[in-house]
Amino acid sequence: MNQNLRVHWTIKPKELPSILKNCSKCKEKKEFKNSGKFRVNANGSQLDIWLIFRCESCETTYNLTVLERIEAGRVDKEEYKGFLSNSIQLAGKYGNDRKLFGKNKAEMVQNRTDYEVIARSTTVTCSKEDITEVEIRIPAGFDLRVDALLVRQFSISRSTAKKWCETGGVLNHGSLLSYKSKARDLMVLQILSPIPDSLTKS
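Residues numbered from 1 in each chain as written. Predicted model: local features only at pLDDT ≥ 70, side-chain atom pairs only at ≥ 80, totals over all residues. Heavy atoms only, no water.

A word on the packing of aromatic side chains
Part 1 of the argument: Evaluation of the coordinates by the stated rule reveals five aromatic pairs.
Part 2 of the argument: With centroids separated by 4.9 Å and ring planes inclined at 65°, the aromatic side chains of Phe38 and Phe83 adopt a geometry described as edge-to-face. Here Phe83 lies in helix H1 (residues 77–84) and Phe38 lies in strand S3 (residues 28–43), a separation of 45 residues in the sequence.
Part 3 of the argument: With 5.3 Å between their ring centres and 70° between their planes, Phe154 and Trp164 make a pair best called edge-to-face. (Phe/Tyr/Trp six-rings, centres within 6.5 Å; stacked < 30°, edge-to-face > 60°. Helix = DSSP H or I, 4+ residues; strand = E, 2+ residues; numbered from the N terminus.)

Structure (structure tokens):
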């Protein structure tokens, strides 16, 4: 990892949240999986857009309202193209949006437990010579603690990750970071480079 250039860690969940609801065909509560597809309906100058979920057992569909009765001109042009082409990125963005689930009174099931981290270097110089800066990109709604991420990326113990945070081995935008903190989109971790030996022993 280049100590002088910022790094991006993009968190990519391997499974999106599902919705738990009564299925009209199964006659019981079932998980409805994110299909990755959108339904777009134009009524004059207004648009309705839904993200389609399917029952895990019988394929019955449920439409999660993304946009309702919105003027076509108010919809971002690139997103609109994505809705029409069933963009995987948009399905992930809206399929992880807790506020959207709340507006629809839909019960989100956090059924994903695994994820991958895509690391790439950037051309942005770190703010100090003796640190490595990591900018985190993570989808809305994905529940991941910082210490768990550090354990995975540095192959360290949970207790070591906790010590890093508590003693300033890892900072968040220059401030002390609780090991219980959740990873947030655009969070910038500043990691001492290298980590002192006193912080690597659990």
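So much for the structure itself; the text now carries on.
Some points on H1
Part 1 of the argument: Turning to H1, its buried residues number three or more, namely Glu79, Gly82 and Phe83. Along H1, the residues classed as buried sweep out an arc of 100° about the axis, all on the same side. More than 90 degrees from the buried face of H1, the exposed residues found are Lys77, Glu78, Lys81 and Leu84.
Part 2 of the argument: Buried positions along H1 lie against S3, strand S4 (46–55), strand S5 (61–71) and helix H2 (88–95).
Part 3 of the argument: Between the side-chain oxygen of the N-cap and the backbone nitrogen of Glu78 there are 3.0 Å, and the N-cap of H1 in question is Asp76. (Buried < 20%, exposed > 50% of the residue type's maximum accessible area, 1.4 Å probe, protein only. Arc of directions from axis to C-beta. Contact = heavy atoms within 4.5 Å. Polar contact = N/O pair within 3.5 Å; in protein donor to acceptor, adjacent residues only side chain to side chain.)

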